[in-house]
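Below are the chains, spelled out letter by letter.
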Amino acid sequence: MRADHASVMRKLKIARGQLDGLIRMVEEDRYCVEISNQLLATQSLLKSINQEVMKAHIEGCVRDALQTDRLDPKVEEALALLNRMAQG
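In every chain, residue numbers begin from 1 and rise along the written sequence. It should be noted that, the model being predicted, local features are given only for residues of pLDDT at least 70 and side-chain atom pairs only at 80 or more, the latter also being counted only at that level, while totals for whole chains, interfaces and linings use all residues. Hydrogens and water are ignored here; the side-chain numbers use all heavy atoms of the structure.

## Some details on helix α1 (residues 5-27)
Thinking step 1. By definition, any uninterrupted DSSP run of H or I lasting at least four residues is a helix, any uninterrupted run of E lasting at least two residues is a strand, and each is numbered from the N terminus. Multiply 1.5 Å by the residue count of a helix minus one, and that product is the helix's expected span. Between its terminal C-alpha atoms α1 stretches 33 Å, which fits the 33 Å expected from 23 residues at 1.5 Å a residue.
Thinking step 2. Burial here depends on accessible area, computed with a 1.4 Å probe over protein chains only, as a share of the maximum for the residue type. Under 20% is buried, over 50% is exposed, and the range in between is partly exposed. If you check which residues of α1 are buried, you get Ser7, Val8, Lys11, Ala15, Gln18, Gly21, Leu22 and Met25.
Thinking step 3. Only heavy atoms enter the contact rule, under which two residues are in contact if any of them lie within 4.5 Å. Those residues of α1 that are buried lie in contact with α2 (32-66).
Thinking step 4. One side-chain oxygen at the N-terminal end of α1 lies 3.2 Å from the backbone nitrogen of Ala6; it belongs to Asp4.
Thinking step 5. Just past α1, the residue Asp29 takes up positive phi, approximately 55°. Counting of polar contacts relies on pairs of N or O atoms within 3.5 Å, with two restrictions inside protein: one atom must be capable of donating a hydrogen and the other of accepting it, and residues adjacent in sequence are counted only when both atoms are side-chain atoms.

This is how it looks when you write it as structure tokens:
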């Protein structure tokens with residue numbers, strides 16, 4: 001992975017903490033809007049992590065793949081991931 005490993009790991013650990021908090025909130029039967037707000041925050045964080053990973057992939061792997069004359073599946077993989085990100 002070419003993304004900043006430390007940054008990605010730090011954000012993933014924060015997201016894990018948010019998920020643990022969400023589980024507690026549901027177990028404690030907390031107010032639905034509070035749960036929903038926390039879910040949105042977690043989704044936002046995960047989206048930013050994915051963007052960081054994809055940016056690094058495009059700047060590294062895909063750029064390298066485009067500098068050759070042969071077809072490389074990395075380009076197709078990146079396009080497929082971007083397509084899925086746009087749908088979600």
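## Digging into the packing of α2 against helix α3 (residues 73-87)
The axes of two packed helices give the description: the angle between them and the distance between them.
Thinking step 1. To define axes, lines are fitted to C-alpha atoms, for helices over the stretch in contact only, and angles between the resulting N-to-C directions are given on a 0 to 180 degree scale. Running from N to C, α2 and α3 cross one another at 155°; their axes reach a closest spacing of 9 Å. By the criterion of interaxial angle, the relationship of α2 to α3 is roughly antiparallel. Remark: the crossing between α2 and α3 carries left-handed chirality. Every residue of α3 that contacts α2 at Asn50, Gln51, Met54, His57, Ile58, Cys61, Val62, Ala65 and Leu66 is listed here: Lys74, Val75, Ala78, Leu81, Leu82 and Met85.
Thinking step 2. Classification convention: Asp, Glu, Lys, Arg as charged; Ala, Val, Leu, Ile, Met, Phe, Trp, Tyr, Cys, Pro as nonpolar; all other residues, Gly among them, as polar. Residues of the contact of α2 with α3, tallied by class, amount to 11 nonpolar, three polar and one charged. Just so you know how the angles are binned, under 35 degrees is roughly parallel, over 145 roughly antiparallel, 65 to 115 roughly perpendicular, and the rest oblique. Crossings are classed by handedness, with left-handed meaning an anticlockwise turn of the near helix from the far one by less than a right angle and right-handed meaning a clockwise turn.

## Digging into the nonpolar core
Thinking step 1. Residues belong to one nonpolar core when they are buried, are Ala, Val, Leu, Ile, Met, Phe, Trp, Tyr or Cys, and are joined through side-chain atoms within 4.5 Å. If you look at the biggest cluster of nonpolar residues, it comprises six residues: Ala3, Val8, Ala15, Leu45, Ile49 and Ala56.
Thinking step 2. Within the residue set of this core, elements represented by two or more residues are α1 and α2.
Thinking step 3. Considering every element that reaches this core, the biggest residue donor is α2, with three residues.
Thinking step 4. Sequence-distant contacts of Ala15, defined by excluding residues within four places in its chain, comprise Thr42, Leu45 and Leu46.

On their own, these measurements won't tell you what the molecule is for.
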